[in-house]
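Spelled out, the chains give:
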Amino acid sequence: MSGAPVVVLVGPMGVGKSTVGRLLADRLGLAYRDTDDDIVAEQGRAISEIFVDEGEDAFRALEKEAVRRAVAEHGGVLALGGGAVLDADTRALLAPLPVVCLSMDVEEAVRRTGLNVARPLLAVNPRKQWRELMEARRHLYEEVATAVVATDGRTPEEVTGAVLDAV
Ligand code: S3P
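So, here's what we can say about the structure. Bear in mind the structure is a predicted one, so any value in this text is a computation, not a measurement.

**Observations concerning the overall build of the chain**
Here is step 1 of the chain: Counting its regular elements, the chain contains eight helices and five strands.
Here is step 2 of the chain: Reading the helices (α) and strands (β) of the chain from amino to carboxyl end gives β-α-β-α-α-α-β-α-β-α-α-β-α.
Here is step 3 of the chain: Computed over its C-alpha atoms, the radius of gyration of the chain comes to 15 Å, within 12% of the 15 Å expected for a compact globule of 167 residues.
Here is step 4 of the chain: Looking at the chain residue by residue over its 167 residues, the buried ones come to 34%.
Here is step 5 of the chain: In the chain, once contacts between residues fewer than 6 apart in sequence are set aside, the share between residues at least 24 apart is 75%.

**Let's talk about the packing of helix H6 (residues 106-113) against helix H7 (residues 127-144)**
Here is step 1 of the chain: The geometry of H6 relative to H7 is characterised by a closest axis approach of 9 Å and an angle of 125° between their N-to-C directions. When the axes of H6 and H7 are compared, the pair comes out oblique. Between H6 and H7 lies a crossing whose hand is right-handed. The residues of H7 that touch H6, namely those facing Val106, Ala109 and Val110, are Arg127, Trp130, Arg131 and Met134.
Here is step 2 of the chain: Of the residues assigned to the contact of H6 with H7, the class counts are five nonpolar, no polar and two charged.

**Side note on the sheet that holds strand E4 (residues 99-103)**
Here is step 1 of the chain: With parallel pairing, the five strands of this open sheet are ordered in space as E2-E3-E1-E4-E5. Across the chains shown, the open sheet's two edge strands, defined by having one partner strand only, are strand E2 (32-34) and strand E5 (147-150). Across the sheet, the mean angle from the axis of one strand to that of its neighbour is 25°, orientation sign disregarded.
Here is step 2 of the chain: Bridge count for strand E1 (residues 7-10) against strand E3 (residues 77-79) is three bridges, and the pairing is parallel. Paired with Val7 across the two strands is Val77, which belongs to E3.

**Examining the packing of helix H1 (residues 17-28) against helix H8 (residues 156-166)**
Here is step 1 of the chain: Relative to each other, H1 and H8 sit at 60°, their axes nearing to 9 Å. Here H1 is positioned oblique relative to H8, judged by the angle of their axes. You can see that H1 and H8 cross each other, and the crossing is right-handed. Counting all contacts with H1, which are made through Thr19, Val20, Leu23, Leu24 and Arg27, the residues of H8 involved are Pro156, Glu157, Val159, Thr160, Val163 and Leu164.
Here is step 2 of the chain: Among the residues forming the contact of H1 with H8, the class breakdown is seven nonpolar, two polar and two charged.

**Considering the nonpolar core**
Here is step 1 of the chain: In this structure, Val8, Leu9, Val10, Leu80, Val99, Val100 and Leu102 are the most contacted members of the largest nonpolar core, which totals 33 residues.
Here is step 2 of the chain: Discounting chain neighbours no more than four positions away, the residues touching Leu102 are Leu9, Gly11, Val15, Gly16, Lys17, Val20, Val149, Thr151 and Val159.

**Regarding H7**
Here is step 1 of the chain: Its 18 residues give H7 an end-to-end C-alpha distance of 25 Å, which sits within 8% of 26 Å, the value for a rise of 1.5 Å per residue.
Here is step 2 of the chain: Of all the bends in H7, the greatest, near 40°, is centred on Arg137.
Here is step 3 of the chain: Listed as buried for H7 are Trp130, Tyr141 and Val144.
Here is step 4 of the chain: On its buried side, H7 packs onto E1, helix H5 (88-94), E4 and H6.

**Regarding the environment of Arg22**
Here is step 1 of the chain: Of note, Arg22 is situated in helix H1.
Here is step 2 of the chain: Note on Arg22: 16 C-beta atoms within 10 Å, which makes it partly exposed.
Here is step 3 of the chain: Residues Arg22 and Cys101, spaced 79 residues apart in sequence, show a C-alpha to C-alpha distance of 15 Å.

Rules behind the numbers
Residues numbered from 1 in each chain as written. Predicted model: local features only at pLDDT ≥ 70, side-chain atom pairs only at ≥ 80, totals over all residues. Helix = DSSP H or I, 4+ residues; strand = E, 2+ residues; numbered from the N terminus. Rg over C-alpha atoms; globule rule 2.2 N^0.38 Å. Buried ≥ 20, exposed ≤ 12 C-beta atoms within 10 Å, placed from the backbone. Contact = placed C-beta atoms within 7 Å. Axes fitted to C-alpha atoms, helices over the stretch in contact; angles between N-to-C directions. Parallel < 35°, antiparallel > 145°, perpendicular 65-115°, else oblique. Left-handed = near helix turned anticlockwise from the far one by under 90°. Nonpolar A, V, L, I, M, F, W, Y, C, P; charged D, E, K, R; others polar. Pairing = 2+ DSSP bridges. Core = buried A, V, L, I, M, F, W, Y, C linked by C-beta atoms within 7 Å. Expected span 1.5 Å × (residues − 1). Bend = angle between axes of the 7 residues up to and from the residue.

Now the structure itself:
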C-alpha cells in the first residue's frame, strides 16, 4: 500500500501501539505496519538479539532506516518502536503526518510490562528505569504528536475510538 501513513502511532513500549494499531487498521479498512516487525523480518532475529549482538546504536540505525522506508511506502496505519522519536531526522520526517501519541503513567507502565526481558531497555528495569525513560522522552513524543491519547484504565477498543476521534 503506497502513499504516506494515514495515522502514525508513537509512545512508550507496552502502551499498546500494536494492539490499537491493528484495531485501528481494521476500523479504517487499511493495512497495519510496525517498524519493529520490519526490522525483525529483515534481520531474521529478535530485537533483543540485535541489542545484545550489536548494541543500541546499531539498532537505532536500523530503526531509522526502517521508519524512513515505512513512511515512504505505507499508506495505512503505522506503529513505531518506542525509541524511534530519539532521532532528530525521524522527528522531522514525521512533522507533516498525523501522529498520535499513546500515553500511560509510570505505574501503569510497570504494571503492564513488569520484568519483561524481551524488551532490552527494561532488562534491569522496573520503576526507576521507567521513570527515567518517560522523563527523557516525554518532550520528544509531544514534539511529534498532533494528538495525545491517554490509555490508563481504558480498553484497547476505547483507546481506538479515542484515536479515531483525534485524527
Ligand atoms: C524500544 C521499544 C521497542 C523496541 C526496542 C526499543 C524503546 O518497541 O523498538 O526494544 O527504545 O523504547 P515497542 O515500543 O514496540 O515495544
